[in-house]
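Inside the fold
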Amino acid sequence: MAVGNPSKALSPYICSSCSRSLKLRSRKFATAASPDIYDVVCVGGGPAGLSLLTALRSSKATSHLSLALVESQDLDRAQKWHLPPDQYSNRASSLTPSSQSFLSQIGAWSHIDTSRVQPYQHMRVWDGLSSTSRISFDSPAPEPAIAHMTENQNIIRALLARLDSLEPISLLDKTSITDIHLGPPPSSPAPEHASLNLSSYPHVTLSSKHTIAARLLVGADGLNSPVRTFAGIQTRGWDYDRHGVVATLKLSSESSHNPENPRGVTAYQRFLPTGPIALLALPGPYASLVWTTTPTQAARLKSLNIEDFIATVNAAFRLSVVDLDYMFTLSSGQLSELQWRESVSPNTSAEANGDIPAYVTSVQESSIASFPLRLRHASSYTTHRTALIGDAAHTIHPLAGQGLNMGLADSKSLASAVEYAITHGADTGSEMNCLDKYNIDMWMRNNRLLGAVDKLHWLYSVKSGPVVPFRGVGLRAVDALGDLGLKRWFMRQAGGL
Ligand SMILES: Cc1cc2nc3c(=O)[nH]c(=O)nc-3n(C[C@H](O)[C@H](O)[C@H](O)COP(=O)(O)OP(=O)(O)OC[C@H]3O[C@@H](n4cnc5c(N)ncnc54)[C@H](O)[C@@H]3O)c2cc1C
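Parameters at a glance
Residues numbered from 1 in each chain as written. Predicted model: local features only at pLDDT ≥ 70, side-chain atom pairs only at ≥ 80, totals over all residues. Heavy atoms only, no water. UniProt positions renumbered as here; feature names shortened; annotations may be inferred. Near = heavy atom within 4 Å. Polar contact = N/O pair within 3.5 Å; in protein donor to acceptor, adjacent residues only side chain to side chain. Areas by Shrake-Rupley, 256 points an atom, 1.4 Å probe, with all protein chains shown as cover. Helix = DSSP H or I, 4+ residues; strand = E, 2+ residues; numbered from the N terminus. Nonpolar A, V, L, I, M, F, W, Y, C, P; charged D, E, K, R; others polar. Salt bridge = Lys/Arg side-chain N within 4 Å of Asp/Glu carboxyl O.

The name an unreviewed UniProt entry gives the protein chain is Ubiquinone biosynthesis monooxygenase COQ6, mitochondrial, with Lepraria finkii as the organism. One UniProt comment on the protein chain, placed under Subunit (unreviewed entry), says "Component of a multi-subunit COQ enzyme complex, composed of at least COQ3, COQ4, COQ5, COQ6, COQ7 and COQ9." Here the protein chain is described in UniProt, under the heading Subcellular location (unreviewed entry), as follows: "Mitochondrion inner membrane".

Rendered as C-alpha cells:
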C-alpha cells in the first residue's frame, strides 16, 4: 500500500514543542524508550478500523490528528483487489441505509464499484415448519432500497481509496502487534516528551520490533482482539454450535433480482430448525448464500459434489424439514432425490409468485466455505486510553446480517466522540471527555440488537412444542400490520436481513 508522507503533528492538546514529523516508511523508527506518538493508533484494517480512520480524516475538526493503522494483512492487495464481473467473493454483506449514508458522508461511497452492488427492495422471510407463516418487507421499487448487498472487499477497497485521497496516515500493513504495555514510569521520560506522562499511554510493540505510543488506542482487530486482551476487557457470550456456510451462487433466472423488473429485487430467508438459510441478491443472476446449520450438516454440505450441493440448497427453500433432514442422511444422490420429490409434488406456483428464489444452477468454484458462529459482547467498549470497535467489541449471529453494519455504526459514534473532545480542547484518550460518550452511545444499543438476534435464533431452533404455533402467529401478525409501526421497525432492523 502506498504510504503518503504522514508528517502530521500531534493534535494541539500536546504542547507544540512535542510535535514532530512522522515518516514511518522512510525513517528509522524510534526506540521503545522514545517511541513515535500518535493521537490515534488503530489496530485492524477491516471495515470498522478503516471507516473510523476515514471518518477522522474526513472531518474538519479531526483531520489534523496523527493517525496510524497497524494491519497484519497486505493492504496493497486489498487496494488492488479485482474480480471479473461474473465472479463474486463469498464474503458479502448487506449494508443498511444508515451504513450507506455513513459511507457517503465520509466520502467512501463514491469509491465503491457500484457495478458490484445490488440494492434490493423486498424480503421474504418464512418459518420452515409452516409455509403459511411468512413476513414480507417491501419498499416501493426500485428505490428506496431496503439494503444494498456488496462484497466486503469492495467496501474495504473503497475505504482505502478514500483514505488515499486525504492527508496521509501511517499505514503499517503486513505488521502485527507482539505486545502492548503502558509506557515507562513518569520518572524517566524521554527528553523530547518531558512534558508528557507517557506512563499512561499504551505502547504498541510491532512485529518489526518497533514501538509506537498512542494517546488513544483503538482495537478494530476482530473477534480475537489482542487489544481487548491487553485492555483486560472481559467478554460474555457463547458458541452457537452452528456454522455459517457461505457460497456464491448463480440462479436460473434474474427475474427475482433483475433491476429492470418492476417487482424489484428480493432477498430470501427461511428459518429451518437447524438455523436460517438466506439467499441475498448480487448483481445479475448471482446471489450470496449464508446457511446457518449444525457443524455436522455444514461438513456434509462441504463434502458433497457440486450437483448435490446445489440440489440441497434448492431443497432447503422448497422441501419440508423432514424431507430435507432425510437428504442430509445421504452421502450423495441429493440431486436425484430432489428431482424425484419434486416430480411427486411440484411447487411451481411459489417460485412464479416470487415467494421462493429461482433455482440455483451453479456455484462459483472454491466459494463454498464455513465459519463457526458465536455471540460475544465486551463488558465495556472502553477503558483507559483504549476503545474497541466492530467485531473486537461484539460478534453477532449472521441471521440479521448486522455485524459489519454494527462496526460501521461504532466507527461513526467513536469518530463523533473524538470530534467532540477535540472541539472542546479535551484529550481524546480521556474516558470522561471522550470515550464514555462512545461507550454510552453504543453499548446498550448493540446489546439490545445482540439480545434480539440471539432470541430469534433460539426461537426458531425449536422444532416442536408450544412455541412453534406462536411464532407463526407472531410472524403473521407482524405481516398483517402492513407498513405500520412494528413492521417498519422490523424492516429498519432487518435492513441487513
Ligand atoms: C457467515 C457470515 C455472514 C455475514 N454476513 C454479514 C452481513 O450480511 N452483513 C453484515 O453487516 N455483517 C455480516 N457478517 C459479519 C461481518 O462479516 C463482520 O462483522 C465484519 O466483517 C467485522 O468487521 P471488523 O472490521 O470489525 O473486523 P474484521 O473484518 O475481522 O477485521 C479485523 C482486522 O484486524 C486485523 N488483525 C487482527 N489481529 C491483528 C493483529 N494482531 N495485528 C494487526 N492486525 C490484526 C485482521 O487482519 C483484519 O483485517 C457476517 C459474518 C459471517 C461469519
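1. Here we look at the site of the ligand
Around the ligand there are 31 residues in total, and Glu71, Arg91, Asp391, Gly401 and Leu404 lie nearest to it. At 2.7 Å, a side-chain N or O of aspartate 391 approaches an oxygen atom of the ligand. In isolation the ligand offers 1,000 Å² of accessible surface; the protein chains occlude 83% of this area. Residue assignment for the shell around the ligand shows that the elements contributing at least two residues are helix H1 (47-58), strand S3 (92-95) and helix H11 (403-423). By residue class, the composition of the shell around the ligand is 11 nonpolar, 16 polar and four charged.

2. Some details on the pattern of salt bridges
Per the stated rule, a full pass over the model turns up 11 salt bridges. Where arginine 157 meets aspartate 113, a salt bridge forms, and the shortest distance between an N and an O atom there is 3.9 Å. Linking arginine 157 in helix H4 (residues 152-164) with aspartate 113 in the loop between helix H3 (97-105) and strand S4 (118-120), this pair joins segments that are 44 residues apart in sequence. Salt-bridge contacts for arginine 374 lead to aspartate 239; the nearest nitrogen and oxygen are separated by 3.6 Å.

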